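# A look at the structure
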4 protein chains.
Amino acid sequence: MAVRVAVAGASGYAGGEALRLLAGHPDVEIGAVTGNSNAGQPLVSLQPHLLPLAGRVLEPTTAEVLAGHDVVFLALPHGQSAAVAEQLGEGALVVDMGADFRLRDAADWERFYGSPHAGTWPYGLPELPGGRAALEGSKRVAVPGCYPTAVSLALFPAYAGALVENEAVIVAASGTSGAGKAAKPHLLGSEVMGSMSPYGVGGGHRHTPEMIQNLSAAAGEPVSVSFTPTLAPMPRGILATCSARARPGVTAADVRAAYAKAFADEPFVHLLPEGQWPATASVYGSNAVHVQVALDEAAGRVVAISALDNLTKGTAGGAVQSMNIALGLPETTGLPLTGVAP
Amino acid sequence: MAVRVAVAGASGYAGGEALRLLAGHPDVEIGAVTGNSNAGQPLVSLQPHLLPLAGRVLEPTTAEVLAGHDVVFLALPHGQSAAVAEQLGEGALVVDMGADFRLRDAADWERFYGSPHAGTWPYGLPELPGGRAALEGSKRVAVPGCYPTAVSLALFPAYAGALVENEAVIVAASGTSGAGKAAKPHLLGSEVMGSMSPYGVGGGHRHTPEMIQNLSAAAGEPVSVSFTPTLAPMPRGILATCSARARPGVTAADVRAAYAKAFADEPFVHLLPEGQWPATASVYGSNAVHVQVALDEAAGRVVAISALDNLTKGTAGGAVQSMNIALGLPETTGLPLTGVAP
Amino acid sequence: MAVRVAVAGASGYAGGEALRLLAGHPDVEIGAVTGNSNAGQPLVSLQPHLLPLAGRVLEPTTAEVLAGHDVVFLALPHGQSAAVAEQLGEGALVVDMGADFRLRDAADWERFYGSPHAGTWPYGLPELPGGRAALEGSKRVAVPGCYPTAVSLALFPAYAGALVENEAVIVAASGTSGAGKAAKPHLLGSEVMGSMSPYGVGGGHRHTPEMIQNLSAAAGEPVSVSFTPTLAPMPRGILATCSARARPGVTAADVRAAYAKAFADEPFVHLLPEGQWPATASVYGSNAVHVQVALDEAAGRVVAISALDNLTKGTAGGAVQSMNIALGLPETTGLPLTGVAP
Amino acid sequence: MAVRVAVAGASGYAGGEALRLLAGHPDVEIGAVTGNSNAGQPLVSLQPHLLPLAGRVLEPTTAEVLAGHDVVFLALPHGQSAAVAEQLGEGALVVDMGADFRLRDAADWERFYGSPHAGTWPYGLPELPGGRAALEGSKRVAVPGCYPTAVSLALFPAYAGALVENEAVIVAASGTSGAGKAAKPHLLGSEVMGSMSPYGVGGGHRHTPEMIQNLSAAAGEPVSVSFTPTLAPMPRGILATCSARARPGVTAADVRAAYAKAFADEPFVHLLPEGQWPATASVYGSNAVHVQVALDEAAGRVVAISALDNLTKGTAGGAVQSMNIALGLPETTGLPLTGVAP
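Residues numbered from 1 in each chain as written. Chains lettered and ligands numbered in written order. Predicted model: local features only at pLDDT ≥ 70, side-chain atom pairs only at ≥ 80, totals over all residues. Heavy atoms only, no water.

Let us look at the UniProt feature "domain: Semialdehyde dehydrogenase NAD-binding" (unreviewed entry) in chain A. Look at the UniProt record and you will see "domain: Semialdehyde dehydrogenase NAD-binding" (unreviewed entry) annotated at residues 4-136 of chain A. A distance of 19 Å separates the end C-alpha atoms of residues 4-136 of chain A, which is 30% helix and 15% strand. (UniProt positions renumbered as here; feature names shortened; annotations may be inferred. Helix = DSSP H or I, 4+ residues; strand = E, 2+ residues; numbered from the N terminus.)

Residue and element names in this part refer to chain A. Per the UniProt annotation, the sites labelled "active site" (unreviewed entry) are Cys146. Mapped onto the fold, Cys146 is located in helix H7 (residues 146-160). Discounting residues that sit within four places of it in the chain, Cys146 has contacts with His207, Ile238, Leu308, Asn310, Gly314 and Thr315. (Contact = heavy atoms within 4.5 Å.)

Further remarks concern the packing of helix H1 (residues 13-23) of chain B against helix H11 (residues 312-327) of chain B. Residue and element names in this part refer to chain B. Between H1 and H11, the least distance of the axes is 9 Å, while the angle of their chain directions is 50°. With respect to H11, the element H1 is oriented oblique. The crossing of H1 and H11 is right-handed. Here H1 contributes Ala14, Glu17, Ala18, Arg20, Leu21 and Leu22 to the contact with H11, which in turn contributes Thr312, Thr315, Ala316, Gly317, Val320 and Met323. Among the residues making up the contact of H1 with H11, the classes are represented as 7 nonpolar, 3 polar and 2 charged. (Axes fitted to C-alpha atoms, helices over the stretch in contact; angles between N-to-C directions. Parallel < 35°, antiparallel > 145°, perpendicular 65-115°, else oblique. Left-handed = near helix turned anticlockwise from the far one by under 90°. Nonpolar A, V, L, I, M, F, W, Y, C, P; charged D, E, K, R; others polar.)

Attention now moves to the interface of chain B and chain C. Across the contact, 39 residues belong to chain B and 39 residues belong to chain C. Carbon and sulfur atoms supply 66% of the area buried between chain B and chain C, which totals about 3,100 Å² over both sides. Of the charged contacts, one joins Arg245 of chain B and Glu167 of chain C as a salt bridge, the two residues approaching to 2.5 Å between their closest N and O atoms. Where chain B meets chain C, there are 10 residue pairs in polar contact (both at pLDDT 80 or more). Looking at the side of chain B that touches chain C, the elements that each hand over two or more residues are strand S6 (164-174), helix H8 (189-192), strand S7 (197-198), strand S8 (224-231), strand S9 (238-246), strand S11 (289-296) and strand S12 (301-308) of chain B. (Buried area = accessible area lost by both parts, 1.4 Å probe. Salt bridge = Lys/Arg side-chain N within 4 Å of Asp/Glu carboxyl O. Polar contact = N/O pair within 3.5 Å; in protein donor to acceptor, adjacent residues only side chain to side chain.)

Let us now look at the interface of chain C and chain D. Contacts between chain C and chain D engage 27 residues on the former and 27 residues on the latter. Summed over both sides, the interface of chain C with chain D buries roughly 2,300 Å², with 67% coming from carbon and sulfur. Among the residues of chain C in contact with chain D, His49, Val340 and Pro342 of chain C are the three that bury the most area, contributing 27% of the side total. One can count 0 salt bridges joining chain C with chain D. Remark: the boundary between chain C and chain D carries 10 residue pairs in polar contact (both at pLDDT 80 or more). Listed by contribution, the elements that provide at least two residues to the side of chain C that touches chain D are helix H1 (13-23) and helix H2 (43-46) of chain C. Ranked by residue count, the leading element in the side of chain C that touches chain D is H1 of chain C, at 3 residues. Across the side of chain C that touches chain D, the residue classes tally to 14 nonpolar, 10 polar and 3 charged.

Superposing chain B onto chain C requires a rotation of 180° together with a translation of 0.0 Å along the rotation axis, leaving an RMSD of 0.0 Å. Taken together, these values place the two copies in the relation of a two-fold axis. A shared interface surface links the copies, since 100% of the contact residues of chain B are contact residues in chain C too. (Least-squares fit on C-alpha atoms with pLDDT ≥ 70 in both.)

For the pair chain C and chain D, the relating rotation is 180°, the translation along its axis is 0.0 Å, and the fit reaches an RMSD of 0.0 Å. Looking at chain C, 100% of its interface residues are interface residues in chain D too, so the copies touch through the same face.

When the charged atoms of two side chains with opposite charge come close together, those side chains can pair. Residues and elements named next belong to chain A. Summed over the entire model, instances satisfying the criterion amount to 56 salt bridges over all chains. Put simply, Lys313 and Glu127 hold a salt bridge, and the shortest N to O gap is 2.9 Å. Note that Lys313 is positioned in helix H11 (residues 312-327) and Glu127 in the loop between helix H5 (106-113) and helix H6 (131-135), a separation of 186 residues in sequence. We note that Lys313, like Glu127, is buried. (Buried < 20%, exposed > 50% of the residue type's maximum accessible area, 1.4 Å probe, protein only.)

A word on the packing of aromatic side chains. The tally for this structure, following the rule as stated, stands at 22 aromatic pairs over all chains. Centroid distance Trp109 of chain A to Tyr113 of chain A: 3.9 Å. Interplanar angle 10°. Geometry classified as stacked. Taken as a pair, Trp109 of chain A and Tyr113 of chain A lie in helix H5 at a separation of 4 residues, close to a single helical turn. Take Trp109 of chain A and Tyr113 of chain A: they sit in the same class, and that class is buried. With a centroid separation of 5.0 Å and an interplanar angle of 70°, the aromatic rings of Tyr147 of chain C and Phe227 of chain C are classed as edge-to-face. Placement of Tyr147 of chain C in helix H7 (residues 146-160) and of Phe227 of chain C in strand S8 (residues 224-231) is noted, with a sequence separation of 80 residues between them. (Phe/Tyr/Trp six-rings, centres within 6.5 Å; stacked < 30°, edge-to-face > 60°.)

Residue and element names in this part refer to chain A. Buried within H5 we find Asp108, Trp109, Phe112 and Tyr113. Buried residues of H5, viewed axially, fall in a sector of 100°; they line one side. Where H5 begins, one side-chain oxygen reaches toward the backbone nitrogen of Ala107, 2.6 Å away; that side chain belongs to Asp105. Trailing H5 by a residue or two, Gly114 shows a phi angle of about 65°, which is positive. (Arc of directions from axis to C-beta.)

What follows covers the environment of Val151 of chain C. Residue and element names in this part refer to chain C. Checked against the element boundaries, Val151 lands in helix H7. Note on Val151: relative accessible area 0%, which makes it buried. Separated by 77 residues in sequence, Val151 and Leu74 have C-alpha atoms that sit 23 Å apart. With near-sequence residues (within four places) excluded, Val151 lies in contact with Ile170, Met211, Leu215, Ala240, Cys242 and Ser306.

Residues and elements named next belong to chain B. Strand order in this open sheet of 7 strands is S7-S8-S6-S9-S12-S11-S10, and the pairing throughout is mixed. Of all the strands in the sheet, the pair left with one neighbour each is S7 and strand S10 (269-271). By the bridge criterion, 8 bridges tie S6 to S9 in an arrangement that is antiparallel. Directly across from Ala168, in S9, lies its bridge partner Ala244. Strand contacts of helix H7 (residues 146-160): S6, S8, S9, S10, S11 and S12, with the helix running at about 150° to S6, the strand carrying the most contacts. (Pairing = 2+ DSSP bridges.)

And the structure:
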């Protein structure tokens, strides 16, 4: 019997990607699709790539509209998910693609978001130690941020294996869809094509505490993170270049072994063959994550690099993966394993 | 029981796209994957986006290797398909993604390809009048060229309805994957990014006679075609802007009605709502074709525009669609209906 | 003695390009730079590529601010130039990069712009027959639209030489900067990268009557134009693919001779060597126009293709070129002859 | 009296950029242009953006051809410059845009290039402490690598001011032109558009020892460098994200003051206003370098980011700048100060 799924915030990029994946999910029947400012408009006028959903009209994001679904995906501005979730009650599985329930530390939340902390939900990154157990049967899922997904998967084996010191330096490049669909001058095609530029430099990016939370949990002690995000001239994709000082005596073989073991049974996260490096094009539109790692003997650092699609594994694909686990469906159901390349 | 499919020429873009789609086809089991110069190499070293096929090694393209499959996809340089097909005998369904068997007129073939004509196979564009009937149960399929697919779908309703004069003017923009994976200086990223440029101007492009063949068949009389292809700074996609002089008395309503009727029952070809125009991004990685049409009263021309993915509907997706029909499977099986956007 | 130049509308793309060129013009001293909504802001916060003008602050666009300059460049929304020009009086050379004074036919203006016609100024396309004479010593210049510049230069030799019939079919691809700097969702990088899409299809684009005006003047009789603009995934550049039915008896040699003669003495417009086709990358950031032409014997059409930079020769470079002529300076002063490539 | 300049290796990207700049240099007359495999071909068939040099034909790269010039630019594969330079004797100024003479440590050279060290020439980065003095009147110039230029300018003020520890972590994104014009499959537009990917990970990139050389000189003691280059989907530009642990007690004000002082009198290197971050688009085609710096209090690191055009300031523009100094010309002569944006 099909699972009925509603998507709130269906006019944006995260909502659109959720619908693209859910439309191809064999066990899902798409129910309500909602959007506030766009309520009343045909979905395909805003998401022309979703023509199989032609005929769907955006409804307002209200409890009445979202009621009566087995699963509700939330793609809302931060601060709005709590209220909606409360009204939905405990019956429905609520998958929040926003930030509201990702952080455990209320002080972190308040410092970075400047509003009261709504709480903490089971964290939707099954590949982390204990990640799947936390999601099985859960009625709430906090989908990780796109950068924390890329960074945590690239570095947790090094921290879980105590291979590196507790200071990580991360520079990540993201496609422009990570900045959302709101029209801002600096996101115009004329501005971004042919250009690389950083933003949120110096520790200000809101995904930083989430990375610290995940890496510290893997290390079993506090890890400091220097994170610099950059905007790359591509619509999708994150390439995260992560490094940390190697602990004394750690060898290249130790590092490779730890990563091979960490991802051996993962359906989506792949340690590439030696000599091959990740490229965001290879995971375009898929739920796959490509990881490679090296030990720089001269500089004494472990360098781990991951590539994923920020809208798929980084947002909506990760959300569907967690939904599958929470509902007891096979984890890979409805999720593309291959990228659209070239 | 799964259909066993081999792909010859699996190291290129057409072969890679065929494998991407076949890997997700519920009724298909992928058999041999072959490539000549790359025989012996792991498939994923050449097609890193196909990690679910890790472990596959490219075999040489020989009759022995290709024997014993229900279906064989050929993605070979033109002139090579005939020999391979002969050796495979009548038992297997052979789907040729190359040019060898597309043209009916041997003189056209020899003029544009400078070699003897190998013959003509059932033409894999089911949306054309009589298209499906020609494919049902067939053991041979000639997959259309990417440009002829885009142009024929954009214009056949106008010619079948006798709405326009028999002179078509076509300017099409293609992503660079249409030029293949062979490393040529003018196809370097440094050369193509930020640049639009034409090629094969003045009637020289080899897809021209195929367009003439299809449009003349729809019109029931000879149609002349002025075709100018251009290279666009994107990996995938074709946008075909096609126009022809409107016949006297033809109205905008006549035109719209003819197109609405032509595509009413098509699973992949969509006439967009009035006011919405095709964009290649909307069909990225999908088998969908978006079409829009207008009557320019002042210039007296019907302008029809189509967008498709040159590697999916334009090549490998069209091939899988025809395979489905030839085998009696539901036509849309294993084919993405939604584009990967943004 | 330096010519003092003010730029009104300096926060947009046309104004920014004018300043880039004027900053490198040996005979020019940049005076006031103005912008309405952005008045009071530092210029480089809006135009970070213009750091040599650091310290300049945008002033309001008023007659007082613009008074006392030898030349005033206007980069204003259409409908605003007339009022400003009147206040400046006859003393200053006013170069309008907007549309207000381009059209001779008031009815055309009113049909396409829906407002009263402001008048007609000397037309800033010196390469057209009689073009330079109209500009020498003039105190007013109407800078052509970017598309009409590309199309008129590609086709006027064919019409002036009576080589083609009076029906032109034009499909042009433009970089996104042609759509300006106002933030609109469909111009976001996420939407335009990897995508080709048409707009203003069916004769609605406002540049159409300007093309008809120029081509009809060259032909000496009315020419009809079917014009389809497309948006290409690049910041700058226009590639215009233009064709018209060849008149009986016209040969490829006739066509080439006419184009060679038309551009023989032009400093910026180049007929490429046979076999070489224009690419927008080759004219990036320069005032050059690359043209190539062919006769398609089979289709009976002359195909002429031009490439230029929509912001340089298509707008601000053309404006500086016309300023040079109007002031009696050498025509090429301060204008880049080479593109920035790759 | 004009300086006669020859360019050896004129068919590649570095040679083409040198010609673009030299063609606009008021004191330069371009002499011989050479290329080995392409000798005999018209320059513009390989460099269509250089139409003002139409008529020039590539000559072979021989001492006879290069003799009799005041300046010779070398854009040759590494290992070839020494032989050519010897034959030219002491009379001519030789500006080597290749790697042969950049490194002082012969062991470093041999380890990274696997060939005997040719020697060390005055280093063409005038902005470094003592940089200009080393170039004045010199007859030999080793133009720095593009990455070392970006990284050294971003970090030398921090090391010269003893603000940071002697371990730098650098992640840089480069446009594809940095990889040259040789056709390789992974550099095809189809592969690079929409993709970010790393290469030379783990300390292997040949520019690493050059960075160590420059930063160690600034620090007065050995500095270790972890360098990860990434390929970005753009033709030009380098964005270098550089960080190092701040020394105890260092404040944000200390950092800003050191950078403001370092670049106060530089014509090309600009410390951006606080809150504004570099973008490669802003320096496209110019010799400018945009730098910004921040102190990440939480992570305890100084983060310095620079943007430049790898072909202009990173190669040919830096070469012309050094030529100007060596010849006693004003340093900025013939060099664009503004980027081509958007």
